[in-house]
Amino acid sequence: MNEQIALDEDTVKRLINAVGSCNKSVSMAACNAILDLFTTSIGRFKLLELSAINNLIFCFLQVPKSSTPSISLIIMEEVHDKTFFRIGFMEDEYPVLLLHVAITLINDCTIEQLRKVPRGLSRKFLLYLAMLWAEVHKHKLIETVPESERFFCLSNIRTNHLAESLFRLSMDETFTTPSKFQEVKRSIFHLGHISFESFIVNHWEQSPLLIQRPSEDVLHDNVFSSFSQFLRSKETVSSFLGFLLQNLTSALPINSDELDIVGFLKEARGNIGCPIIYQQDIRVVKTMDSKEEIHFFQGSSDSPYFLKEDDILRCEEAYNDGYTFALRGMEFHFKDIAAISEGMAFLFGQPSTGVNMYLTPPNSQGLARHRDDHCVLVCQIRGVKRWKIFPNPCARLPRLYEQVNDLFEFEGDNDMIDGCKEFLLREGDILYIPRGFPHEACTIIDDSATNGNSEFSLHLTLAIEIEPPFEWEGIFHVALHHWGQNYKFSNDIPYEPSSRDLHDVAVKLMHIAVKLIGDVDPIFRKACLVGAISFPSGAEGWIKTHQLSTFSHLLSRVSSDSNFNDVISNVERAISKNEDFFEKFRWVCHLDQKMSVMGMEDFFHLLIHQKDKVEATFMEVRSKFCNDVVFDDIVHHYNVLLEKYRTTRKQYMNGMLALNCI
């Protein structure tokens, strides 16, 4: 019956209009009818197509409500160790029903449908949702349900449904100022006697660098000053920690190559808006004798360990016992830090950068000596910290997501110990550590800075993660894809499926060949700065010349080292292990949504039955690609891909910022 009603567009329109009836009974009946229609696919389509959300939000905003929502949380059910809460309101049933229907529709929208909601309506509704979320967050942290608490209306709104609506409506909001890449550049590289261009030439992905503050008041006039002032506004370290942890929401993991933010939300909706999770969002750790890390909280590895109010109250105990607090994803919690992160991403030509915070008590060491799979800039905000940085034990830079600390042993390597460099970071100093370089740090007594008193240390690490598409290997995959598409349709390749299949297979084999060369050639692992923000005229010529030279060198490697038999052997090994070799660079599909997909078995079947033809086509494709490809033609396609990644990261960051009550 609901499907039949939904097919009658005139009836659906009348139901949507009836929500605004001055007769409350009629309006509530219309809301319930809309919820009924929403249970069918055709009903959802019609309601969203006819902008039912606009009318629901408008009607909700017109209804008198208390200025500050008074709520309680009621446990609805527990499913797979997850506790779901319904929100009880001290409000009349009518506005609560309007809110429920609006949230239900919003959480099923596409990005395009959400953008059709008038900006004025959306922002006013967002203000209410944010106010309601702040109250809900307090109750979730305590996670208790007072039996004596009274409420007029127990809604069908789950806390995670409210969080998702707040996230969705905030994705296109402007929470940060326009990119601060010039301010970031000035605040970091203008500090010492080194320019950003000199840093790129002499230190980037090569060697550590200490950039010292030029004056005592450096933190009062740069991009870190706001966070520094926030820290100093708290009377004690424990009050700073307590405020911080009570107001943070977990930044749920999102795949690095995820470009469908709505798809991510649908998968994450059971957890969105949950309290911070141990090991994922925060670690409370100390290291004894520079070797063994000890964790304060011992959560189960099988299920997430959510920090509750009791855990937060124990943080002062942990701090006094020498534990470091390491918080990930600070760019998702603070708008000012989000702006710094965004500026860094533009400066280095990456989709995004991460920011972590480390608060270490006096005379303590947090993390044990370790290597990172990404470059970091350590920005000392408060106190003093001594760093030891050891030479990279591997000739190649580690790639993102590699298990870098399992590849070697730190102890007993005299060359590594001899090559150790020590740096003392005081407030305002910045230390660059390239990926792959083992390092450790501890707080110390610095007589010159603290008059002999031991002080805690707080620093931010700006993590520049070079993701696969934005390495030099990545730009070759971009080049291969677009060259292959252009060549197929601009040359006289017959339209018979067999000819097209041979060409597609040859291009795919070239992708594998590039991957195999990239696994052994260190230069392929380096960051390609094609997407970096434009350099001043003096450096622009150098960077362009350097990029052209690097591309030419790597192209010669592809031309000489792309071996058909090596590629076939690797494909055979992958199939014997039931692996999909293309999974290693699946992001290539983001270059073209209509890109043909061929399974490994079909792919190998063609190789077996037409091996000679495949080899001949492979040799032809390799030769023509290496002769025809033009670097400047690639840059446009590369930047289009970079912008796709940036758009999704920006939407995620905006949504997360809306869920944090700071």
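Preceding block: the structure.
Predicted model only: the values in this text are computed from it and were never measured. (Residues numbered from 1 in each chain as written. Predicted model: local features only at pLDDT ≥ 70, side-chain atom pairs only at ≥ 80, totals over all residues. Heavy atoms only, no water.)

A. Region of interest: the packing of aromatic side chains. Taken as a whole and judged by the stated rule, the model has 33 aromatic pairs. With a centroid separation of 5.7 Å and an interplanar angle of 85°, the aromatic rings of Phe 60 and Phe 125 are classed as edge-to-face. With Phe 60 in helix H5 (residues 52–62) and Phe 125 in helix H8 (residues 119–142), this pair connects stretches of sequence that are 65 residues apart. The pair formed by Phe 60 and Phe 125 is uniform in burial state, with each residue classed as buried. For the ring pair Phe 564 and Phe 618, a centre distance of 5.5 Å and an interplane angle of 55° mean the geometry is tilted. Of this pair, Phe 564 sits in helix H24 (residues 564–576) while Phe 618 sits in helix H26 (residues 611–628), and the two are 54 residues apart along the sequence. What makes Phe 564 buried here is its relative accessible area of 4%. (Phe/Tyr/Trp six-rings, centres within 6.5 Å; stacked < 30°, edge-to-face > 60°. Helix = DSSP H or I, 4+ residues; strand = E, 2+ residues; numbered from the N terminus. Buried < 20%, exposed > 50% of the residue type's maximum accessible area, 1.4 Å probe, protein only.)

B. Just the sheet that holds strand E11 (residues 421–425), in detail. Pairing in this open sheet of three strands is antiparallel, and the strands run E11-E10-E13 from one edge to the other. On the outer flanks of this sheet lie E11 and strand E13 (439–443), each paired with one strand and no other. The mean inter-strand angle of the sheet, taken between neighbouring strand axes irrespective of direction, is 20°. Relative to E13, strand E10 (residues 385–389) runs antiparallel, the two sharing five bridges. Directly across from Lys 388, in E13, lies its bridge partner Glu 440. (Pairing = 2+ DSSP bridges. Axes fitted to C-alpha atoms, helices over the stretch in contact; angles between N-to-C directions.)

C. A look at the side chain of Thr 443. Along the chain, Thr 443 turns up in strand E13. Here Pro 361 takes part through its backbone oxygen, which lies 2.6 Å from a polar atom of the side chain of Thr 443. At a separation of 2.9 Å, a polar atom in the side chain of Thr 443 contacts the main-chain amide nitrogen of Ser 364. (Polar contact = N/O pair within 3.5 Å; in protein donor to acceptor, adjacent residues only side chain to side chain.)

D. Quick peek at the pairing of strand E2 (residues 82–89). E2 sits mainly inside the fold: six of its eight residues count as buried. In this sheet, E2 lies alongside strand E1 (residues 71–79) in antiparallel orientation, the contact comprising eight bridges. In the strand pairing of E2, Ile 75 is matched with Phe 85. The pairing of E2 with strand E3 (residues 153–158) spans three bridges and is classified as antiparallel.

E. Broad picture of unusual backbone geometry. Of note in the backbone geometry, Gln 279 takes a positive phi value of approximately 75° without being a glycine. Of note, Gln 279 is situated in the loop between helix H14 (261–268) and strand E5 (282–288). Phi angles above zero are rare outside glycine, and Tyr 401 is one such case at about 75°. What makes Tyr 401 partly exposed here is its relative accessible area of 49%.

F. Molecular detail of the packing of helix H12 (residues 225–232) against helix H13 (residues 237–246). As a packed pair, H12 and H13 sit with axes 9 Å apart at the nearest point and diverge in direction by 115°. Taking contact as the criterion, the partners of Phe 227, Phe 230 and Leu 231 in H12 are, on H13, Phe 240, Phe 243 and Leu 244. For the contact of H12 with H13, the residue count by class is six nonpolar, no polar and no charged. (Contact = heavy atoms within 4.5 Å. Nonpolar A, V, L, I, M, F, W, Y, C, P; charged D, E, K, R; others polar.)

G. Quick look at the nonpolar core. One finds Leu 99 and Leu 105 to be the most contacted residues of the largest nonpolar core, which totals 75 residues. Formed jointly, this core draws a minimum of three residues from each of two domains, domain 1 (1–171) and domain 2 (179–297 + 305–466). Residues contacting Leu 99, with those up to four places away along its chain left out, are Phe 60, Phe 89, Phe 125, Tyr 128, Leu 129, Leu 132 and Ile 157. (Core = buried A, V, L, I, M, F, W, Y, C linked by side-chain atoms within 4.5 Å. Domains from an automatic or database assignment.)

H. How the structure looks around the environment of Phe 581. Structurally, the position occupied by Phe 581 is in the loop between H24 and helix H25 (600–609). Separated by eleven residues in sequence, Phe 581 and Asn 570 have C-alpha atoms that sit 8.3 Å apart.

I. Spotlight on the packing of helix H2 (residues 9–18) against helix H3 (residues 24–37). For the pair H2 and H3, the least separation of the axes is 8 Å and the interaxial angle reads 135°. Accordingly, the angle class assigned to the pair H2 and H3 is oblique. As for the relative orientation of H2 and H3, their crossing is left-handed in sense. Within the contact between the two elements, H2 uses Val 12, Leu 15, Ile 16 and Ala 18 and H3 uses Val 26, Ser 27, Ala 30, Ala 33, Ile 34 and Leu 37. The residue makeup of the contact of H2 with H3, split by class, is nine nonpolar, one polar and no charged. (Parallel < 35°, antiparallel > 145°, perpendicular 65-115°, else oblique. Left-handed = near helix turned anticlockwise from the far one by under 90°.)

J. Here's a closer look at the environment of Glu 197. Assignment of secondary structure puts Glu 197 in helix H11 (residues 196–202). Given a relative accessible area of 18%, Glu 197 falls into the buried group.

K. Looking closely at the pattern of salt bridges. Taken as a whole, this structure holds 30 salt bridges when the rule is applied. The shortest N-O distance in the salt bridge between Glu 9 and Lys 46 comes to 2.9 Å. Here Lys 46 lies in helix H4 (residues 41–49) and Glu 9 lies in helix H2, a separation of 37 residues in the sequence. Judged by its relative accessible area of 31%, Glu 9 is partly exposed. Among the ionic pairs, Arg 314 bridges to Glu 317, the shortest N-O distance being 3.8 Å. Note on Arg 314: relative accessible area 34%, which makes it partly exposed. What emerges from the salt-bridge pattern is a single network uniting Arg 399, Glu 471, Glu 473, Lys 515 and Asp 519. (Salt bridge = Lys/Arg side-chain N within 4 Å of Asp/Glu carboxyl O.)

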